[in-house]
Amino acid sequence: MGNATLQSIHVHPVKAFRSIALREAAVEPWGLAGDRRWAVVGDGGKVVTQREQPRLALAAAEPMADGGLRLSAAGRTPLMVPVPRPAGTVTISVFGTKVEAVPATEAAHAWCTAHLGTDVRLVHLDDPATRRPVDPDFALPGETVSLADGFPLLVTTLASLDALNSLLAEGDHAHEGPLPMNRFRPNVVVAGTVPWAEDGWSRIAIGEVDFRVAKPCGRCVVTTTDQSTAARGAEPLRTLARHRRISGSLVFGQNLVPRSAGTIRVGDPVRILG
């Protein structure tokens with residue numbers, strides 16, 4: 001493990017939109033700066049993800065210097081969306097958890113609605129320090145999270161992806177592989193480990209930042225979605241079901257919670273602390 005390094009960094013400015021690769025990122029208590037602070041919500045304020053709308057993968061959100069976004073998608077005119085003023089919040093639902101968020105502009109709602117072909121709104125998490133606690137079954141007191149599925153960061157390893165693709169190649173749907181890492185929508189990808197090394201981690205350091213490993217990441221239908229076309233297949237869930245079923249979940253990657261602040265950079269050493 002002495003040669004493990006940070007291979008890539010990814011943020012998703014709007015939850016379920018296309019990921020953006022970065023060379024460095026500030027680590028905040030609730031996740032990487034700029035990661036999943038915005039989301040699309042539908043009826044009753046329920047957050048919409050690629051589980052229900054795989055076409056979200058075809059939309060991009062580029063962060064602006066003032067905190068706003070530039071939305072874009074093939075065939076649609078790009079739209080600049082400012083950070084909404086916190087004049088009033090609406091209640092949204094993130095996997096059953098009620099969270100207060102601030103609605104974006106009517107133009108942003110219309111853009112997202114046109115892209116998906118169903119009535120949705122764009123919202124912004126104005127105060128991640130207080131709005132949403134980490135799952136109490138796996139949290140320490142005071143830990144919060146942005147609009148990510150459940151935890152501030154997700155780590156995966158290149159060695160485990162290679163191992164998974166080797167298993168996939170032996171199965172009934174080998175024609176779907178090999179799969180790229182973006183199927184798993186990680187925040188940080190580590191090179192230089194052995195396959196599945198992350199199963200044994202409880203605490204790691206990436207560069208100057210210390211992280212607690214909260215739990216393995218259970219995977220869903222989003223992993224079967226081609227992030228460049230929004231088409232769905234059977235993999236990797238079929239292969240994970242055969243080889244990576246842990247405590248009832250199909251597992252790939254580990255959820256992280258920062259224990260310190262700082263900046264991580266591609267090429268940083270990754271140390272296993274526990």
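What you see is a predicted model; the values in this text were computed from it and never measured.

(A) Geometry of unusual backbone geometry. A cis geometry characterises the amide bond from G177 onward to P178, with omega recorded as -5 degrees. Here P178 shows up in the loop between helix 2 (158-169) and strand 14 (188-191). With omega at 15 degrees, the peptide bond leading from E235 into P236 counts as cis. With respect to the secondary-structure elements, P236 resides in the loop between strand 16 (209-218) and helix 3 (237-243). You will see that R36, though not glycine, has its phi angle at about 55 degrees, which is positive. By the element assignment, R36 lies in the loop between strand 4 (31-32) and strand 5 (38-41). Positioned with a positive phi, R185 is a non-glycine residue whose angle comes to about 45 degrees. In this structure, R185 sits in the loop between helix 2 and strand 14. With a relative accessible area of 10%, R185 lands in the buried category.

(B) Just the pattern of salt bridges, in detail. For the structure shown, the criterion picks out 11 salt bridges. Residue R265 is joined to E24 by a salt bridge in which the shortest nitrogen-to-oxygen separation is 3.4 Å. Of this pair, R265 sits in strand 19 (residues 262-265) while E24 sits in strand 3 (residues 24-28), and the two are 241 residues apart along the sequence. In this structure, R242 and D172 form a salt bridge, with 3.5 Å as the shortest nitrogen-oxygen distance. Taken together, the residues R242 in helix 3 and D172 in the loop between helix 2 and strand 14 connect sequence positions 70 residues apart. For R242, a relative accessible area of 47% puts it in the partly exposed group.

(C) Region of interest: the sheet that holds strand 11 (residues 97-103). Pairing in this open sheet of five strands is antiparallel, and the strands run 6-5-12-11-10 from one edge to the other. Two strands close off the open sheet at either side, each with one partner strand: strand 6 (47-48) and strand 10 (90-94). Bridge count for strand 11 against strand 12 (residues 121-124) is two bridges, and the pairing is antiparallel. Across the sheet, residue V102 finds its bridge partner in strand 12, namely H124. The strands touched by helix 1 (residues 106-116) are strand 5, strand 11 and strand 12; relative to strand 12, the strand with the most contacts, the crossing angle is about 130 degrees.

(D) Seen up close, helix 1. Listed in full, the buried residues belonging to helix 1 are A108, H109, W111, C112, H115 and L116. One side of helix 1 carries all its buried residues, which in axial view fall inside an arc of 165 degrees. In this structure, the buried side of helix 1 is in contact with strand 5, strand 7 (59-63), strand 8 (69-73), strand 9 (76-81), strand 11 and strand 12. Just past helix 1, the residue G117 takes up positive phi, approximately 75 degrees.

(E) Just the pairing of strand 9, in detail. Pairing between strand 8 and strand 9: four bridges, direction antiparallel. Residue pairing for strand 9: A73 is matched across the bridge by R76. Counting the residues in the hairpin turn of strand 8 and strand 9 gives two residues, including G75, whose phi is positive at 85 degrees.

(F) How the structure looks around helix 2. Over its 12 residues, helix 2 runs 16 Å from end to end, which matches the ideal 16 Å to within 8%, given 1.5 Å per residue. Three or more residues of helix 2 are buried, namely A159, S160, L161, A163, L164, N165 and L168. Those residues of helix 2 that are buried lie in contact with strand 13 (153-157), helix 3 and strand 18 (249-258).

(G) Geometry of the state of the cysteines. Under the criterion given, the structure shown has zero disulfides. Unpaired in terms of disulfides, C220 finds its nearest cysteine sulfur in C217, a separation of 8.2 Å. Judged by relative accessible area, which is 23%, C220 ranks as partly exposed.

Cut-offs applied
- Each chain carries its own residue numbering, running from 1 in the written order of its sequence.
- Given that the model is predicted, a residue must reach a pLDDT of at least 70 before its local features are reported, and side-chain atom pairs must reach 80 or more before they are shown or counted; all residues, however, enter totals for whole chains, interfaces and linings.
- Hydrogens and waters are ignored; side-chain quantities use all the structure's heavy atoms.
- Secondary structure elements follow DSSP: runs of H or I of four or more residues count as helices, runs of E of two or more count as strands, with numbering from the N terminus.
- Three exposure classes are used, based on accessible area relative to the maximum for each residue type with a 1.4 Å probe and protein chains only: buried under 20%, partly exposed in between, and exposed over 50%.
- By salt bridge we mean one thing: a side-chain nitrogen of Lys or Arg within 4 Å of a carboxyl oxygen of Asp or Glu.
- Two strands are said to pair when DSSP picks up at least two bridges between them.
- Throughout, a residue-residue contact means that at least one pair of heavy atoms, one from each residue, lies within 4.5 Å.
- Note on geometry: axes are lines fitted to C-alpha atoms, helical ones only across the stretch in contact, with angles between N-to-C directions running from 0 to 180 degrees.
- When we speak of the arc, we mean the arc of directions from the helix axis to the C-beta atoms.
- One fewer than the residue count of a helix, multiplied by 1.5 Å, yields its expected span.
- The definition used for a disulfide is geometric: two cysteine sulfur atoms within 2.5 Å.

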